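# Fold and geometry: a report
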Amino acid sequence: MHDRPDDLAAFYEALNGATTTGELTAVLTSAMARLGFRHACYHVVRLDATGGRMPYVLHNYGNSWADHYFREGFLEIDPVLKAGPVNPLPFHWNDVVNADTLNRDQTRMFSDAREAGIRDGYSIPIVGPHQDQATVTVIPDEAGDAGRRLIEDCKHLVHVMAFYFDRHARSPLINERLSSRRQKSLLSPREQEVLRWTARGKTSSEIAEILELSTKSVEFHLDNAKKKLGTYSKTHAVVKALTLGLVAM
């Protein structure tokens, strides 16, 4: 069993010293790596005044997978994210995702994830004080039965760490990033709208048709958003805008 109090004490002490999102991510991912988990992710979603979803994600999946995930519109179809709100208890992905019920895009998403080393995940749903949903997910180093045994061996410690992390991550550090009016004013309403549809996997021509604009106008707003966010591509802009809470899905 991995219920060693020194692991938890060290984790809690490191969390108390984390003051930036980079430090928070490093504390979570390094602690989970010491237990045998190659990846860890913290995902929290707030609802804005219009009912739109404002996701915030800390992870070590890598920029390549994050770019691919948002570019392909997987955020909208990911069955693991949909499972969190209806499963109050921690769950293995394989226990809540039925391969026979996945559509073509979802099947492709899991195939792409496996190629990126993201498989056999274990997720811990957490409901916040305002009914906002958070999830801590870990991916074991080894796949299959070996990974499942690791999860069973570590799950009690991982659960406690997840709740400690969530309590710390919902501090003003992240709350400010999710709700700051000053940051929301960084992008114009049209730029936010174009990025929102881009995050859903729509092309510039499809967005132009939806918003009744020219494709050139859509590209103009995307270019402006990229410049304001200091990003190198529209996918990078979408990832950054979602991470900062500038765009609600």
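Scope of this entry: the structure provided in the associated data block.

## Quick look at the pattern of salt bridges
In this structure the tally under the stated criterion is eight salt bridges. Between aspartate 105 and arginine 108 there is a salt bridge, with its nearest N and O atoms 3.8 Å apart. Residue aspartate 105 and its partner arginine 108 are located together in helix α6 (residues 104-115), separated by three residues, close to a single helical turn. Given the relative accessible area of 32%, arginine 108 is considered partly exposed. The partner of lysine 155 in a salt bridge is glutamate 152, and the shortest N-O contact between them spans 3.1 Å. Here glutamate 152 and lysine 155 lie together in helix α7 (residues 144-169), a separation of three residues that amounts to about one turn. Look at the salt bridges and you will find they share partners, linking Glu72, Asp105, Arg108 and Asp112 into a network.

## What about the packing of helix α2 (residues 21-35) against α7?
In the contact formed by α2 and α7, the axes pass within 11 Å of each other and the chain directions differ by 165°. Here α2 is positioned roughly antiparallel relative to α7, judged by the angle of their axes. α7 is crossed by α2, and the crossing has right-handed handedness. Of the residues in α7, those in contact with Leu24, Leu28, Met32 and Leu35 of α2 are Leu150, Cys154, Leu157, Val158, Met161, Phe165 and His168. Of the residues belonging to the contact of α2 with α7, the class tally is 10 nonpolar, one polar and no charged.

## Details of the pairing of strand β4 (residues 122-127)
Summarising burial for β4: five of the six residues are buried, a large majority. Sheet analysis places strand β3 (residues 91-92) next to β4, joined by two bridges and oriented antiparallel. What sits directly across from histidine 92, in β4, is tyrosine 122. Note: β4 against strand β5 (residues 133-140), six bridges, orientation antiparallel. When the bridges of β5 are listed, isoleucine 126 appears paired with alanine 134.

## A look at the packing of aromatic side chains
For the structure shown, the criterion picks out six aromatic pairs. Ring plane angle 55° and centroid distance 6.0 Å describe the contact between tryptophan 65 and tyrosine 69, whose orientation is recorded as tilted. Pair noted here: tryptophan 65 and tyrosine 69 are both in helix α3 (residues 63-71), with a separation of four residues, about one helical turn. Assessed through its relative accessible area of 11%, tyrosine 69 is described here as buried. Ring centres of tyrosine 69 and phenylalanine 70 lie 5.6 Å apart, and the angle between their planes is 85°; this geometry places the pair in the edge-to-face category. The pair formed by tyrosine 69 and phenylalanine 70 is uniform in burial state, with each residue classed as buried. In textbook terms, an aromatic cluster arises when at least three aromatic residues are bridged by ring pairs, as seen for Trp65, Tyr69, Phe70 and Phe74.

Thresholds, definitions, all that
Residues numbered from 1 in each chain as written. Predicted model: local features only at pLDDT ≥ 70, side-chain atom pairs only at ≥ 80, totals over all residues. Heavy atoms only, no water. Salt bridge = Lys/Arg side-chain N within 4 Å of Asp/Glu carboxyl O. Helix = DSSP H or I, 4+ residues; strand = E, 2+ residues; numbered from the N terminus. Buried < 20%, exposed > 50% of the residue type's maximum accessible area, 1.4 Å probe, protein only. Axes fitted to C-alpha atoms, helices over the stretch in contact; angles between N-to-C directions. Parallel < 35°, antiparallel > 145°, perpendicular 65-115°, else oblique. Left-handed = near helix turned anticlockwise from the far one by under 90°. Contact = heavy atoms within 4.5 Å. Nonpolar A, V, L, I, M, F, W, Y, C, P; charged D, E, K, R; others polar. Pairing = 2+ DSSP bridges. Phe/Tyr/Trp six-rings, centres within 6.5 Å; stacked < 30°, edge-to-face > 60°.

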